[in-house]
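# Structural overview for review
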Amino acid sequence: MAPSEHARRRKAFQNAPIANRPSEPPMKLYHHPISTTSRAVMLFAADAGIPLDLHPVDLFAGEHLQPPYAAINPNQAVPVLEDGAFRLAESAAILRYLAARAGSPAYPAELRLRARVDERLDWFNTGLSRDFAYGFVYPQLYPHHVRPEPAGQAQTLAWGREKARRWLGILDESLIGPRQDFVCGDRATIADHFGAAIVTLGDAVQADLRPWRNVSRWLARMRGLPCWGKVNHAFETLIVAPNRGRRFEAL
Ligand SMILES: N[C@@H](CCC(=O)N[C@@H](CS)C(=O)NCC(=O)O)C(=O)O
């Protein structure tokens, strides 16, 4: 195919809104409604009006560890997107794919604007998520993340807290700052959907984010999305509410 024809078809595919293709079945999302990474994808899809056939994978029953699901995702984790015969794991990659496929302004086509969104997605994924989610929240919340020895658990939480506080400070002062509404500027991008799912994980362990005023302002805005309540209902009722009576380490 000539490069110009390839570019034309690619552009037509990218720019064709999902809603204009009624003959296509909706893409399928293997997910769990309490999962942070699933919530990020569901939040963006709901916000952008992208229909998804939501297929729950019962993490509580270990369905993700069984051979049928392991054949779908060898990582034995959710989410996975299925678009016809095409399967995609990794929530940040799924967000990019969904947004690019729908031609959404939440993942701008202009090279440098898009690169900025990619930068912030990677920042959340490799920085804040690693230390806040995996280093501080999950080891307090989920038994299979608790370290076997009390000293190891205490060290993990101390390390996670210190690093998470540093990342939150950077998010607060440098990425969002006092003048921006969102993490890449004045428009919401998929980096906001991704980041908000990670930061609100703190609700489960009563993390007090008030010291980070710009982060709090941004989160309030994200929580105000019309689809927020529906997307986060299971997380609120199955994770946040039942853990309200527990005592957790302060952030
Ligand atoms: N890097 C992956 C992480 C996926 C992941 O860890 N998902 C969690 C739910 S948030 C999961 O399926 N965990 C299964 C388990 O802990 O056994 C992504 O971003 O999609």
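As a starting point, this report considers the structure included with it. (Residues numbered from 1 in each chain as written. Predicted model: local features only at pLDDT ≥ 70, side-chain atom pairs only at ≥ 80, totals over all residues.)

## Topic: the pairing of strand E3 (residues 80–83)
Cut-off, in case you're wondering: A strand pair is defined by DSSP finding two or more bridges across the two strands. Going along the chain from the N terminus, every DSSP run of H or I of four or more residues is numbered as a helix, and every run of E of two or more is numbered as a strand.
Across three bridges, strand E1 (residues 27–31) lies against E3 in antiparallel orientation. Bridge pairing links Lys28 to Glu82 in E3. Where E3 and strand E4 (residues 86–89) come together, four bridges link them in antiparallel fashion. Within the sheet, the bridge partner assigned to Asp83 lies in E4 and is Phe86.

## Side note on the packing of helix H6 (residues 150–176) against helix H8 (residues 213–223)
Convention followed: Angles here are taken between N-to-C directions and fall from 0 to 180 degrees, while the axes themselves are lines fitted to C-alpha atoms, restricted in helices to the stretch in contact. Each angle receives one of four descriptions, namely roughly parallel if under 35 degrees, roughly antiparallel if over 145, roughly perpendicular if within 65 to 115, and oblique otherwise. Residues are treated as contacting if the C-beta atoms built from their backbones sit within 7 Å of each other. All residues other than Ala, Val, Leu, Ile, Met, Phe, Trp, Tyr, Cys, Pro, Asp, Glu, Lys and Arg, Gly among them, are scored as polar; the first ten of these are nonpolar and the last four charged.
Between H6 and H8, the least distance of the axes is 8 Å, while the angle of their chain directions is 75 degrees. Looking at the two axes, H6 sits roughly perpendicular to H8. Two secondary-structure elements touch here, H6 through Leu168, Leu171, Asp172 and Ile176 and H8 through Arg213, Asn214, Val215 and Trp218. Taken together, the residues of the contact of H6 with H8 sort by class into five nonpolar, one polar and two charged.

## Considerations on the site of the ligand
The criterion, for reference: Near, as applied to residues and a molecule or strand, means the residue's backbone-placed C-beta atom lies within 6 Å of it.
The local shell around the ligand consists of Ser35, Thr36, Thr37, Leu59, His64, Ala77, Val78, Pro79, Glu90, Ser91 and Ala92. Elements that contribute at least two residues to the shell around the ligand include exactly helix H2 (36–48) and helix H4 (91–102). Per-class residue counts for the shell around the ligand are five nonpolar, five polar and one charged.

## Concerning the nonpolar core
Side chains that are nonpolar tend, in soluble globular proteins, to be buried together. Our working rule: Think of a nonpolar core as buried Ala, Val, Leu, Ile, Met, Phe, Trp, Tyr and Cys residues, each tied to the set through C-beta atoms within 7 Å. The exposure scheme places C-beta atoms from the backbone and then counts, for each residue, the other C-beta atoms within 10 Å of its own, assigning buried at 20 or more, exposed at 12 or fewer, and partly exposed in between. For the domains described, the bounds stem from an automatic or database domain assignment.
The biggest cluster of nonpolar side chains holds 59 residues, and the ones touching the most others in it are Phe44, Leu95, Ile190, Phe194 and Ile198. The element best represented in this core is helix H5 (residues 111–141), accounting for eight residues. Residues from two domains meet in this core; each of domain 1 (3–102) and domain 2 (111–225) gives at least three. Apart from the residues within four sequence positions on either side, Phe194 is in contact with Ala40, Ser91, Ala92, Leu95, Leu121 and Phe124.

## What about H4?
Because an α-helix completes one turn every 3.6 residues, residues spaced three or four positions apart along the sequence face the same direction. Going by this rule: One less than the residue count of a helix, multiplied by 1.5 Å, gives the span that helix is expected to have. The reported arc concerns the directions from the helix axis to the C-beta atoms and nothing else.
Over its 12 residues, H4 runs 16 Å from end to end, which matches the ideal 16 Å to within 8%, given 1.5 Å per residue. Taken together, the buried positions of H4 are Ser91, Ala92, Ile94, Leu95, Leu98, Ala99 and Ala102. Angular distribution of buried residues about the axis of H4 spans 160 degrees; they occupy a single face of the element. The secondary structure elements touched by the buried residues of H4 are H2, E3, E4, H5 and helix H7 (190–199). Downstream of H4 by one or two residues, Gly103 has phi in the positive range, about 65 degrees.

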